[in-house]
Amino acid sequence: MATIDITGLEPAAVVAALYNHARPVGLGVAADGSDRQLNVEEARRLLDEVPTISVR
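Residues numbered from 1 in each chain as written. Predicted model: local features only at pLDDT ≥ 70, side-chain atom pairs only at ≥ 80, totals over all residues. Heavy atoms only, no water.

## Looking at the overall build of the chain
Test applied: Segments assigned H or I by DSSP are reported as helices when at least four residues long, segments assigned E as strands when at least two residues long, and all are numbered from the N terminus. Here the term buried applies to any residue with accessible area under 20% of the maximum for its type, exposed to any over 50%, and partly exposed to those in between, with areas from a 1.4 Å probe on protein chains only.
Along its length, the chain carries two helices and zero strands. Sorting the 56 residues of the chain into buried and exposed places 11% on the buried side.

## Some thoughts on the pattern of salt bridges
What counts here: Each salt bridge in this description consists of a side-chain nitrogen of Lys or Arg and a carboxyl oxygen of Asp or Glu lying within 4 Å of one another.
Applying the stated criterion to the full structure yields four salt bridges. Residues E10 and R44 are paired through a salt bridge, measuring 2.6 Å at the closest nitrogen-oxygen approach. Highlighted residues: E10 in the segment before α1 (11–21) and R44 in helix α2 (residues 40–49), separated in sequence by 34 residues. The class for E10 is partly exposed, based on a relative accessible area of 33%. Note that E41 and R45 form a salt bridge whose closest N and O atoms lie 3.7 Å from each other. Taken together, the positions of E41 and R45, both in helix α2 and four residues apart, correspond to about one turn of that helix. Overall, the relative accessible area of 39% leaves E41 in the partly exposed class. For R45, a relative accessible area of 45% corresponds to the partly exposed category.

## Some thoughts on a nonpolar patch on the surface
The cut-off we apply is this: Candidates for patches are residues over 30% relative accessible area with no salt bridge; among them, like charges are joined within 9 Å and nonpolar side chains (Val, Leu, Ile, Met, Phe, Trp, Tyr) within 5 Å. Computed with a 1.4 Å probe, the accessible areas rest on the Shrake-Rupley method; for each residue, only the protein chains presented here act as cover.
Residues I4, I6 and L9 make up a contiguous nonpolar surface patch of about 330 Å² in total accessible area. The topology assignment puts I4 in the segment before α1. In this structure I4 comes out as exposed when scored by relative accessible area, which is 70%.

## Side note on α1
For the record, the criterion: Note on contacts: a residue pair is in contact if any heavy atoms of the two residues lie within 4.5 Å.
Residues of α1 that are buried include every one of A12, V14, A16 and N20, and no others. In this fold, the buried residues of α1 make contact with α2.

## Concerning the environment of P11
Looking at where P11 falls in the secondary structure, it is placed in helix α1. Sequence separation between P11 and R44 is 33 residues; the distance between their C-alpha atoms is 8.1 Å.

Structure below.
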């Protein structure tokens, strides 16, 4: 598996890019709203709602 260094990138920008380039699989292709895009500001708000964890 390839490793991608995201050091120095804004977490919200990474989340938005991953979300916007994800493709539905299986029955997900029939889901309403599958073409919705997430902008960086929306990603920031979502990340603000998630409790932070410490990874060691």
